[in-house]
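Okay, here's what each chain looks like letter by letter:
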Amino acid sequence: MKKVAQTMILADCYYTIANMSGKVLEGVAGSENGAAIQLATYNKADNQEWSFLRMGEGVYRIKNRGTGKMMDLMMNGTADGTWLHQWQDVNGSSQLWIVEAGNDGTVKIKTQLAPTKCVDVVGMSNEDGARIQIWQDVNGENQKWTINEVKERKAAEKKETAEKKAPAKKAAAKKAAPAKKAVEVEEKAAVEAAPVVEEKPVAVEEKAAQPAPAKKPAAGKKKTGKKGKKK
């Protein structure tokens, strides 16, 4: 049995809305306003998946992934048996839905125009193509839904995006390689073209032989003056 936590709704994800038989809500493909919403076997088509645009506590606009149209009440009706259809976003009350969690992991989806009326399958059918309506809350099995995130497709999209980016990244690296090589060639050419400056050997001047210091004359006897003659 599902837990309530599994019904947590995030803004950037897509979900299936399935009844107790496992069939999902499907927006009939097409761009025209008024296209039907019906029950169908899930085959991973875009028009079987929905995003929830939060407008308040537990209140959402529910947008079809494939058609881009909103889940809407036909003619703004609130009577039992009013069909759901798809319509362009007009930010109207007929496009506001209350997601009410049960204690068993299922939810009831109610129109804000008449909060006692639930999204319901016409004739309690489980057949593909059964139309979807609103009906007084009778706590019936055909008024209980499970909202499940489309995780497999999300992972596949991430992988596909990564694969698309990989060749571009590889091409960019390949393109950058010749440029780097060209720079290396230019640098090499510049080095080769630079004039070679020969270093002249520094002449080692031999120290001139310094003359030996002159010898000092030997110390002689002091000459005395002539003696004067005696008178």
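Think of each chain on its own: its residues are numbered from 1, step by step along the sequence as written. With the structure being a predicted model, the display of local features is reserved for residues of pLDDT at least 70 and the display and counting of side-chain atom pairs for 80 or more, all residues being used for whole-chain, interface and lining totals. Here the side-chain values reflect all heavy atoms present in the structure, with hydrogen atoms and water set aside.

1. Brief notes about the overall build of the protein
The following threshold applies: Note on conventions: DSSP H or I runs of at least 4 residues are helices, E runs of at least 2 residues are strands, and numbering of each starts at the N terminus. Categorising residues by exposure relies on relative accessible area from a 1.4 Å probe, with only protein chains included: less than 20% of the type maximum marks a residue as buried, more than 50% marks it as exposed, and the intermediate range marks it as partly exposed. Pairs of residues are marked as contacts when any of their non-hydrogen atoms sit within 4.5 Å. The Shrake-Rupley method, run with a 1.4 Å probe, gives the accessible areas here. Residue values count only the displayed protein chains as cover.
Regarding its fold elements, the protein presents one helix and 12 strands. Traced from its N-terminal end to its C-terminal end, the protein shows the element sequence β-β-β-β-β-β-β-β-β-β-β-β-α. Here the protein, with 231 residues, has 34% of them falling under the buried criterion. In the protein, once contacts between residues fewer than 6 apart in sequence are set aside, the share between residues at least 24 apart is 55%. As presented, the protein carries roughly 16200 Å² of accessible surface, and 56% of it is formed by carbon and sulfur atoms.

2. What about the environment of Gln 112?
Relative to the helices and strands, Gln 112 resides in the loop between β9 (107-111) and β10 (117-121). Under the relative-accessibility criterion, Gln 112 is labelled partly exposed at 34%. Gln 112 sits 16 residues away from Leu 96 along the chain, and the two C-alpha atoms are 5.7 Å apart. When sequence neighbours within four positions are dropped, the list of residues in contact with Gln 112 reads Val 59, Leu 96 and Ile 98.

3. Some thoughts on the packing of aromatic side chains
We count it as follows: Working definition: rings of Phe, Tyr and Trp (its six-membered ring) pair if their centres are within 6.5 Å, and the pair is stacked with planes under 30 degrees apart, edge-to-face with planes over 60 apart, and tilted otherwise. Only lysine NZ and arginine CZ atoms are considered, and such an atom sits over a ring when it is within 6 Å of the ring centre and within 35 degrees of the ring normal.
Inspection of every chain in the model, using the stated rule, returns two aromatic pairs. Aromatic pair Tyr 15 and Phe 52: ring centres 5.8 Å apart, planes at 85°, arrangement edge-to-face. Of this pair, Tyr 15 sits in strand β1 (residues 15-18) while Phe 52 sits in strand β4 (residues 50-56), and the two are 37 residues apart along the sequence. Joined through ring pairs, the aromatic side chains of Tyr 15, Phe 52 and Tyr 60 make up one cluster. For Arg 65, the ring lying beneath its charged end belongs to Tyr 14, and the centroid distance is 4.0 Å.

4. Notes on unusual backbone geometry
If you check the backbone angles, Asn 91 has positive phi at about 55° while not being a glycine. With respect to the helices and strands, Asn 91 occurs in the loop between β7 (84-87) and β8 (97-101). Among the residues examined, Asn 91 registers a relative accessible area of 52% and is labelled exposed. Of note in this structure, Asn 139 is not a glycine but carries a positive phi near 60°. Tracing the backbone shows Asn 139 in the loop between β11 (132-136) and β12 (146-149).

5. Things to note about the environment of Ala 29
Position of Ala 29 among the secondary structure elements: in the loop between β2 (24-27) and β3 (37-40). Each C-alpha atom of the pair Ala 29 and Asn 64 lies 9.7 Å from the other, and the pair is 35 residues apart in sequence.

6. Here's the deal with the pattern of salt bridges
Where we set the bar: By convention in these notes, a salt bridge is any Lys or Arg side-chain nitrogen within 4 Å of a carboxyl oxygen on Asp or Glu.
According to the stated counting rule, one finds eight salt bridges in the structure shown. A salt bridge links Asp 89 to Arg 61, with the nearest nitrogen and oxygen atoms 2.5 Å apart. Here the residue Asp 89 occupies a position in the loop between β7 and β8, and Arg 61 occupies one in strand β5 (residues 59-64), the gap between them amounting to 28 residues. A relative accessible area of 39% places Asp 89 in the partly exposed class.

7. Quick look at a nonpolar patch on the surface
The condition is simple: Residues qualify for a patch when their relative accessible area is over 30% and they have no salt bridge, like charges being joined within 9 Å and the nonpolar side chains of Val, Leu, Ile, Met, Phe, Trp and Tyr within 5 Å.
On the surface, Met 74, Met 75 and Trp 83 cluster together into a nonpolar patch covering about 340 Å² of accessible area. Positionally, Met 74 belongs in the loop between β6 (70-73) and β7. A residue is classified by how much of its surface remains accessible, and Met 74, at 31% relative accessible area, is partly exposed.

8. Regarding the confidence of the model for the protein
Quick note on the threshold: Confidence scores labelled pLDDT are given residue by residue by the predictor and lie between 0 and 100.
Considering every residue of the protein, the mean pLDDT works out to 81; 65% of them sit at 70 or more. A low-confidence stretch, residues 1-6 stays under pLDDT 50, and its non-local contacts, those more than four residues away or across chains, total 11 contacts. Scored below 50 in pLDDT, residues 220-231 shows zero contacts in the model against residues more than four places distant or in partner chains.

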